[in-house]
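Letter by letter, the chains look like this.
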Amino acid sequence: MRHCKKKILFLATFFIFLSGCTLTDIQSEIKLTSAKVNLSASNTVPSILNSNWQSVSLEDNWKKSHPDQNGYAWYKLNFDLKKPVNELWAIYIPHVNMNAEVWLNGRKLGSGGEMTGYVSRNWNQPQYFVIPQGFLTLNTNTLQIRLITLPNLGGALSAIHLGPHALLHNSYTQQYLWQVTSALASSILLFIALSLFFALWFYCRTEKFFLLATITCIAWFLNSFRFYIINIEIDPAIIFRLDQVLLLWVVITFTLTISYYFHNKILKPFKYLAGIALMTTLSAFLIPEKFVLIFAITIQILSLITAFSLNILALIYAYKSRLWVDIYLCFGMFVGAGLGMHDALGLSGAFTDTYFHMAQYGAILPISALGWIIILRFSRALRVSNNYNTELALKINEKHHELKQSFEKLNQLEKEKAISAEQERVMRDIHDGVGAHIVSTLAMLEVSPSLKKSDISAGLKDALDELRNLIDSLDSLTNDIPTILAILRERFESRFNKANISIIWKLQVPGNHPKLSPEFALHLIRILQEILINVIKHANATTISIAIEDMNNRSVIRILDNGSGFDENETHGHGIKNMKYRANLINVQLKLQSSKKGTEITLRF
Amino acid sequence: MRLFRGDIQMNKRQSHEPYSVLLVEDNSLTRARLRQVIELKPELYIYAEAANCKDAVNALDKGQPSVMLVDLGLPDGNGIQLITEISHRGYDTEVMVLTVFRDEKTVISAIEAGASGYLLKDGDSDYIGDSIIRLIQGDSPISASIARYLLKRFNQNEKPPLLSNNIAVPQLTKRETEILNYVAKGFKSTEIASILSLSYLTVNTHIKKIYKKLVVKSRTEAVFEAVKLGILDL
């Protein structure tokens with residue numbers, strides 16, 4: 001369905017533009033369509049007697065009527081005025097190629113510009129000359145027009161219209177608008193487009209498409225000058241070659257842009273295109289003059305072939321993608337190519353009455369299609385970068401979350417490890433402490449022959465003591481040295497009482513004491529218990545003093561009794577050895593000083 | 001609970017007749033042993049024995065013992081209920097909780113309910129007997145662990161002074177905090193008395209006051225919680 005629509009549109013546009021030449025009837029009173037032409041290069045009109053005067057009908061296209069010409073021609077036209085003329089009249093020549101000078105009844109009316117040297121290029125300018133009062137006569141008037149053009153390119157003169165200035169002028173301005181102003185407008189639009197595309201590329205460097213589109217616009221923009229730049233201080237022959245080259249570049253850049261659009265990269269064959277374009281450009285300025293026209297026509301044909309192949313590719317692409325932008329692009333390309341073909345046919349003389357160049361319109365649709373594509377791409381690029389940013393932020397969040405999770409997991413594992421390590425420690429202690437005591441008491445029951453009840457009591461009491469040690473060490477409030485000492489005092493109070501030992505308590509050290517781990521606390525409790533039990537059982541003391549001192553930020557426990565002392569070497573049992581071993585374990589310096597007067601034990605933390 | 005030599009001025013009640021002890025303990029062997037240990041002291045006698053709450057309440061119906069020793073783990077209820085029962089009835093009975101390991105939960109919850117202290121079940125006759133007698137005679141037993149707990153408890157300033165003017169959360173005075181600090185470091189009431197140049201009686205009274213404040217505090221906090229939860233409306 002869509003293809004049918006497109007084809008219809010294309011054909012419709014083509015024919016509309018084809019018939020553009022008959023846009024409106026020219027409001028003239030006299031239309032001169034036949035003349036006599038003399039291909040003389042002389043500055044003055046050749047005499048009537050000159051044998052070279054030929055009859056031609058206007059529009060006179062030199063490529064068809066005078067293929068061998070040298071760039072000059074004189075036209076002679078006669079017309080009759082039936083009635084006298086009261087208002088201002090004018091002459092309107094819709095098309096000259098390239099420049100013309102007009103004389104009426106021997107008096108010069110005007111010209112389109114320079115007739116020598118750098119001839120004015122008026123091939124796209126309708127010519128209009130107001131006839132001053134008194135130039136027209138009743139009955140026969142003679143118009144002489146000198147036409148000048150580039151020798152190899154052929155010239156043209158359209159039919160000549162005469163009529164009242166008031167009416168004729170409208171036709172002229174209308175034609176002027178369609179032919180010249182439009183070209184200028186399209187030039188401006190192209191310039192705006194190229195600036196826009198360039199700006200977008202500047203901010204979106206990654207999109208090669210934008211750069212290609214800019215270059216296409218530049219080529220088209222430069223190409224548009226020839227429609228309205230009349231006077232230029234460069235040899236027209238060179239200008240002509242430049243025009244062809246520019247046309248070629250327009251086609252090539254557009255082809256590159258579109259192929260990039262289709263494939264998202266420039267395919268190899270198209271890269272060769274650029275090479276061909278460069279070579280052609282070079283050769284364009286090296287070709288001798290007589291081959292220039294053929295060269296020009298070749299270029300135009302090749303361009304058209306390229307353009308139409310591109311159109312077909314675009315059609316296939318749009319059919320696949322079914323996007324409106326692609327359909328619009330196809331349509332624009334068809335129109336542009338159609339207009340280009342129209343102009344090429346006109347240049348080669350296919351139409352008799354056409355002097356209406358339309359290529360200047362050819363840029364609008366394709367370039368606007370490019371603009372649409374660029375806008376889509378730009379917004380997509382923005383969206384992608386936005387998405388990328390949010391995606392990145394999301395990813396970072398995710399990673400952060402993952403990291404947190406794994407960190408927490410690690411923490412949890414560490415905690416569990418610590419807890420199970422602690423549980424193991426406690427179990428080991430129960431086994432070695434209470435367990436051992438109970439087992440030995442059991443053994444006592446089974447093994448000892450002379451067993452006293454008090455022995456069993458003592459064994460079980462020791463077991464209870466061990467249990468209390470462990471529990472005290474695990475109590476969270478019992479985690480500094482003064483508290484441990486206080487609790488031990490409570491537990492041993494009655495025993496000291498029974499042994500008639502009075503306690504001197506010197507724990508008035510203020511301030512904070514470091515927190516101890518349960519493991520550390522248990523070792524310390526056992527060390528202290530051993531010390532206190534020794535004092536009760538062996539010391540024969542009457543007082544025991546327990547103090548904590550603070551020396552150089554280190555705590556020192558000092559236990560002093562006034563007993564009979566002991567000799568370390570003579571002790572049986574493992575009590576003192578165990579004490580020292582435990583002190584070592586917890587990095588506490590244990591010092592024993594014993595004499596007949598008493599014993600002092602210091603624990604340095 | 002603590003015994004030491006050289007225990008000087010105490011508020012001694014005139015020892016007339018032996019003091020009655022209500023023994024609430026579900027383990028029969030332990031109960032028998034305790035009975036034996038207590039009865040070694042001429043100043044004490046077993047007023048009644050109970051193996052569960054019901055029997056204990058029956059015993060309380062019959063009269064007021066001077067001391068109740070209660071094990072918290074009873075088959076038909078918590079010993080705390082019995083302690084509360086005593087204060088409901090307005091009895092003059094001193095309560096001590098029986099424990100093996102004097103774990104905090106047991107002891108403190110008992111004191112919050114109104115008990116005066118704890119007794120270690122495996123203590124010998126002197127320890128158990130003297131503790132009870134001194135308790136009856138007005139001593140306020142306290143231990144380093146209890147003191148540390150009380151310091152921590154009263155220093156938690158989470159709850160603001162309460163809704164209405166009559167109800168206020170009790171705070172410790174400076175002196176009371178000072179005394180508790182010494183106790184936490186292992187000092188005995190008599191030692192604290194001499195350090196602070198107070199009489200033993202004063203120190204004792206402070207400790208009694210501190211215990212009462214604990215009771216009020218825990219009750220007040222319970223009310224506060226109930227109001228917060230919407231159970232109570234003030």
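Refer to the structure above for everything that follows.
About the criteria used
Residues numbered from 1 in each chain as written. Chains lettered and ligands numbered in written order. Predicted model: local features only at pLDDT ≥ 70, side-chain atom pairs only at ≥ 80, totals over all residues. Heavy atoms only, no water. Helix = DSSP H or I, 4+ residues; strand = E, 2+ residues; numbered from the N terminus. Buried < 20%, exposed > 50% of the residue type's maximum accessible area, 1.4 Å probe, protein only. Contact = heavy atoms within 4.5 Å. Areas by Shrake-Rupley, 256 points an atom, 1.4 Å probe, with all protein chains shown as cover. Phe/Tyr/Trp six-rings, centres within 6.5 Å; stacked < 30°, edge-to-face > 60°. Lys NZ or Arg CZ within 6 Å of the ring centre and 35° of its normal. Buried area = accessible area lost by both parts, 1.4 Å probe. Salt bridge = Lys/Arg side-chain N within 4 Å of Asp/Glu carboxyl O. Polar contact = N/O pair within 3.5 Å; in protein donor to acceptor, adjacent residues only side chain to side chain. Axes fitted to C-alpha atoms, helices over the stretch in contact; angles between N-to-C directions. Parallel < 35°, antiparallel > 145°, perpendicular 65-115°, else oblique. Nonpolar A, V, L, I, M, F, W, Y, C, P; charged D, E, K, R; others polar. Core = buried A, V, L, I, M, F, W, Y, C linked by side-chain atoms within 4.5 Å. Pairing = 2+ DSSP bridges. Left-handed = near helix turned anticlockwise from the far one by under 90°. Expected span 1.5 Å × (residues − 1).

Caption draft 1: Fine view of the overall build of chain B. Counting secondary structure elements, chain B contains nine helices and seven strands. When the 234 residues of chain B are sorted by exposure, 54% land in the buried category. Across chain B, every contact between residues at least 6 apart in sequence was considered, and the portion connecting residues at least 24 apart equals 71%. Within the structure as shown, chain B displays about 11,100 Å² of accessible surface, and the carbon and sulfur contribution to it stands at 51%.

Caption draft 2: Region of interest: the environment of Lys63 of chain A. Residues and elements named next belong to chain A. Within the secondary structure, Lys63 is located in helix α2 (residues 62-65). The class of Lys63 is partly exposed, set by a relative accessible area of 23%. Put simply, Lys63 and Leu153 are 90 residues apart on the chain and 7.8 Å apart in space, counted from C-alpha to C-alpha.

Caption draft 3: Highlighting the packing of aromatic side chains. All names here are of chain A. The final tally for this structure, using the stated rule, is 23 aromatic pairs over all chains. Taking 5.9 Å as the distance between ring centres and 55° as the angle between the ring planes, the aromatic pair formed by Trp123 and Phe227 counts as tilted. Placement of the pair is Trp123 in the loop between β9 (107-111) and β10 (127-131) and Phe227 in the loop between α4 (208-223) and α5 (236-263), with a sequence separation of 104 residues. Classification of Trp123 by relative accessible area gives buried; the value is 11%. Owing to a relative accessible area of 4%, Phe227 belongs among the buried residues under this scheme. Members of the aromatic cluster, connected to one another through ring pairs, are Phe209, Tyr260, Tyr261, Phe262 and Tyr317. We note Lys76 situated over the ring of Trp53; from NZ or CZ to the ring centre the distance is 4.8 Å. It is Arg377 that lies over the ring of Phe209; its NZ or CZ is 4.8 Å from the centre.

Caption draft 4: Molecular detail of the interface of chain A and chain B. Every contact between the two is made by 25 residues of chain A and, on the other side, 27 residues of chain B. Note on chain A versus chain B: buried area summed over both sides is about 2,400 Å², and carbon and sulfur give 50% of it. The three residues of chain A that bury the most area against chain B are Arg468, Leu477 and Glu490 of chain A, which together make up 26% of that side's buried surface. Close ionic contact of Arg489 of chain A with Glu191 of chain B constitutes a salt bridge, the shortest N to O distance being 3.0 Å. Across the contact surface, chain A and chain B share 11 residue pairs in polar contact (both at pLDDT 80 or more).

Caption draft 5: The packing of α5 of chain A against helix α6 (residues 268-284) of chain A, seen in detail. Residue and element names in this part refer to chain A. The geometry of α5 relative to α6 is characterised by a closest axis approach of 10 Å and an angle of 175° between their N-to-C directions. Judged on the interaxial angle alone, α6 and α5 are roughly antiparallel. Taken together, the residues of α6 that come into contact with α5 (itself represented by Arg241, Val245, Leu248, Trp249, Ile252, Thr255, Leu256 and Ser259) are Phe270, Leu273, Ala274, Ala277, Leu278, Thr280, Thr281 and Ala284. Among the residues making up the contact of α5 with α6, the classes are represented as 11 nonpolar, four polar and one charged.

Caption draft 6: Structural view of the nonpolar core. Counting 106 residues, the largest nonpolar core has Leu603 of chain A together with Leu69, Ile83, Ile132 and Leu150 of chain B as its most contacted members. With nine residues, the top contributor of residues to this core is helix α12 (residues 518-538) of chain A. When sequence neighbours within four positions are dropped, the list of residues in contact with Ile132 of chain B reads Val21, Ile38, Leu44, Val67, Leu69 and Leu119 of chain B. Core analysis: the next-biggest nonpolar cluster, separate from the first, contains 63 residues, Ala183, Trp220, Leu310 and Leu370 of chain A among them.

Caption draft 7: Main features of the sheet that holds strand β3 (residues 67-71) of chain B. All names here are of chain B. If you walk across this open sheet you meet the five strands as β2-β1-β3-β6-β7, and the pairing is parallel. The sheet is open, and its two edges are formed by β2 (44-50) and β7 (117-120), each paired on a single side. For this sheet, the mean angle separating the axes of adjacent strands, direction not counted, is 30°. Across five bridges, the pairing between β3 and strand β6 (residues 94-99) is parallel. Counted as the bridge partner of Met68 is Val95 from β6.

Caption draft 8: Structural context of the packing of α12 of chain A against helix α13 (residues 575-585) of chain A. Residue and element names in this part refer to chain A. Here α12 crosses α13 at 150°, and the two axes come no closer than 9 Å. For the element pair α12 / α13, the angle class is roughly antiparallel. In the crossing of α12 with α13, the sense of the turn from one axis to the other is left-handed. Touching His523, Arg526, Ile527, Glu530, Ile531 and Asn534 of α12 are Gly575, Met579, Arg582, Ala583 and Leu585, all from α13. Its residues assigned to classes, the contact of α12 with α13 comprises five nonpolar, three polar and three charged.

Caption draft 9: View of helix α7 (residues 174-184) of chain B. Burial in α7 of chain B covers these residues: Glu176, Ile179, Leu180, Tyr182, Val183 and Ala184 of chain B. Buried residues in α7 of chain B make contact with α11 (481-498) of chain A together with α6 (144-155), α8 (189-195) and α9 (200-229) of chain B. Residue Gly186 of chain B follows α7 of chain B closely and has a positive phi angle near 100°.

Caption draft 10: Representation of the sheet that holds strand β18 (residues 598-604) of chain A within the structure. Residue and element names in this part refer to chain A. Overall, mixed pairing links the five strands, which are arranged β14-β15-β16-β18-β17 in an open sheet. Edge positions in the sheet fall to β14 (502-506) and β17 (589-595), since each of these pairs with one other strand and no more. The mean angle between the axes of side-by-side strands here comes to 15°, regardless of whether they run parallel or antiparallel. Where strand β16 (residues 554-561) lies against β18, six bridges are found, and the strand directions are antiparallel. Bridge assignment links Asp561 to a residue of β18, and that residue is Thr599. In this fold α11 packs onto β14, β15 (543-551) and β16, with an angle of close to 170° to the strand it touches most, β14.

Caption draft 11: Expanded view of the environment of Asp103 of chain B. Residues and elements named next belong to chain B. Relative to the helices and strands, Asp103 is located in the loop between β6 and α4 (104-113). Overall, the relative accessible area of 34% leaves Asp103 in the partly exposed class. In the structure, Asp103 is positioned 42 residues away from Ser145 in sequence and 9.4 Å away in space, judged by C-alpha atoms.

Caption draft 12: Local environment of unusual backbone geometry. Residue and element names in this part refer to chain A. Cis geometry marks the peptide bond from Asn97 to Met98, where omega comes out at 0°. Looking at the element boundaries, Met98 is found in the loop between β7 (96-97) and β8 (99-104). Even without being a glycine, Asn500 presents a positive backbone phi close to 60°. With respect to the helices and strands, the residue Asn500 is situated in the loop between α11 and β14.

Caption draft 13: Highlighting the side chain of Thr214 of chain A. Residues and elements named next belong to chain A. Looking at the element boundaries, Thr214 is found in helix α4. Polar contacts involving the side chain of Thr214 include one to the main-chain amide nitrogen of Phe198, which spans 3.5 Å. In this structure, Thr214 is in contact with Leu194, Phe197 and Phe198, ignoring residues within four places of it in sequence.

Caption draft 14: Structural view of helix α7 (residues 292-321) of chain A. For α7 of chain A, spanning 30 residues, the distance from its first C-alpha to its last is 42 Å, which sits close to the expected 44 Å at 1.5 Å a residue. Among the residues trailing α7 of chain A, Arg322 of chain A stands out with phi positive, at a value near 55°.

Caption draft 15: Structural context of the pairing of strand β13 (residues 160-164) of chain A. Residue and element names in this part refer to chain A. Burial analysis of β13 places five of its five residues in the buried class, which makes it a mostly covered element. Across four bridges, strand β6 (residues 89-93) lies against β13 in antiparallel orientation. By the bridge assignment for β13, Tyr92 is matched with His161.

Caption draft 16: Structural view of the pattern of salt bridges. In this structure the tally under the stated criterion is 33 salt bridges over all chains. The partner of Arg35 of chain B in a salt bridge is Glu49 of chain B, with the nearest N and O atoms 2.3 Å apart. Taken together, the residues span a long stretch of sequence, with Arg35 of chain B in helix α1 (residues 28-39) and Glu49 of chain B in strand β2 at a distance of 14 residues. Of the charged contacts in the structure, one is a salt bridge between Lys217 of chain B and Glu221 of chain B, with a shortest N-O distance of 3.1 Å. Taken as a pair, Lys217 of chain B and Glu221 of chain B lie in helix α9 at a separation of four residues, close to a single helical turn. Comparing Lys217 of chain B with Glu221 of chain B, the two get one shared label, buried. Here the salt bridges do not stand alone but share partners, grouping Lys498 of chain A together with Lys41, Asp124, Asp126 and Asp130 of chain B into one network.

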